[in-house]
Amino acid sequence: MAQAKIQAKATTEAHISGKFCRSVSMAARSNHLLEILDDLEVRVQAFRDAASALELEKESLMEKIHSVQNSQDIRNICDGEREELFITAERLMGRTLTVDVSVETIRNPLQESSLQQATTIIDDILKKVTDSLENGRKQLMSLYGACTSDVPVGPVDQKFQSVIIGCAVEDQKKIKRRLETLIRNIDNSEKAIALLENQRQKSAFRLNHNKTM
């Protein structure tokens, strides 16, 4: 009887010991896997950041190539050199477009709706910007003021601000960047128009001056 009790106790202890060992082993494996996932999360974020940086670089390259194509300097050179520069710019633009970089933003339904609203507001302004660059610039500046934490230089579009708040953080950054580019393009267009108007006035003055001589 005593021997049976001893054996039963040994069996129970072995059973408990076995469960304890398995539990420790499972905890160790779980911690190890969590460490791997933590490391992968850091790498995934770095991967997305690198891809986003490439997106920005592509946008910057395209904007600069476009700026060269529409610069005042290129209008003031001979036809042969201008054609050669245009061909080179087109070649560079084509090569840039062969690189396709896309970082998708994860959105919930509310964020998706807010993004669509923000895009529609900007697009509606762009449809009318050719009618008045100055008015279009003011409207875009009011949208930009709604996207920045800095003190705005002018009025802020409160409706657009409420829409932007509902967007995902990555979308907020992209919208702000798009507005910066649009405003910069309008500024460049206004400068080009001013230069052309100045040249026109000078040409008219020389023509009238020659007529009076």
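From a predicted model like this one, the values you see are computed outputs, not experimental measurements.

> Now, about the nonpolar core: what can you tell me, with residues and values included?
Nonpolar side chains in soluble globular proteins tend to end up buried together. I122, L140, L143, F160, I175 and L179 are the most contacted members of the largest nonpolar core, which totals 19 residues. Looking at this core, the elements that each hand over two or more residues are helix 4 (109–128), helix 5 (133–147), helix 6 (158–165) and helix 7 (169–212). When residues no more than four places from it in sequence are discounted, the contact partners of L143 are I121, I122, I125, D157, F160 and L179.

> So what's going on with the pattern of salt bridges? Which residues, and what values?
Scanning all chains against the criterion turns up eleven salt bridges. E170 is paired through a salt bridge with R48; the nearest N and O atoms lie 3.0 Å apart. With E170 in helix 7 and R48 in helix 1 (residues 2–69), the pair connects residues that are 122 residues apart, well separated along the chain. According to the relative accessible area criterion, E170 is partly exposed, its value standing at 31%. Residue class for R48 comes out partly exposed when judged on its relative accessible area of 23%. Between R177 and E59 there is a salt bridge; the shortest N-O distance is 3.1 Å. In this pair, R177 is assigned in helix 7 and E59 in helix 1, connecting sequence segments 118 residues apart. Residue classification places R177 among the partly exposed residues on the basis of a relative accessible area of 21%.

Conventions and cut-offs
Residues numbered from 1 in each chain as written. Predicted model: local features only at pLDDT ≥ 70, side-chain atom pairs only at ≥ 80, totals over all residues. Heavy atoms only, no water. Core = buried A, V, L, I, M, F, W, Y, C linked by side-chain atoms within 4.5 Å. Buried < 20%, exposed > 50% of the residue type's maximum accessible area, 1.4 Å probe, protein only. Helix = DSSP H or I, 4+ residues; strand = E, 2+ residues; numbered from the N terminus. Contact = heavy atoms within 4.5 Å. Salt bridge = Lys/Arg side-chain N within 4 Å of Asp/Glu carboxyl O.

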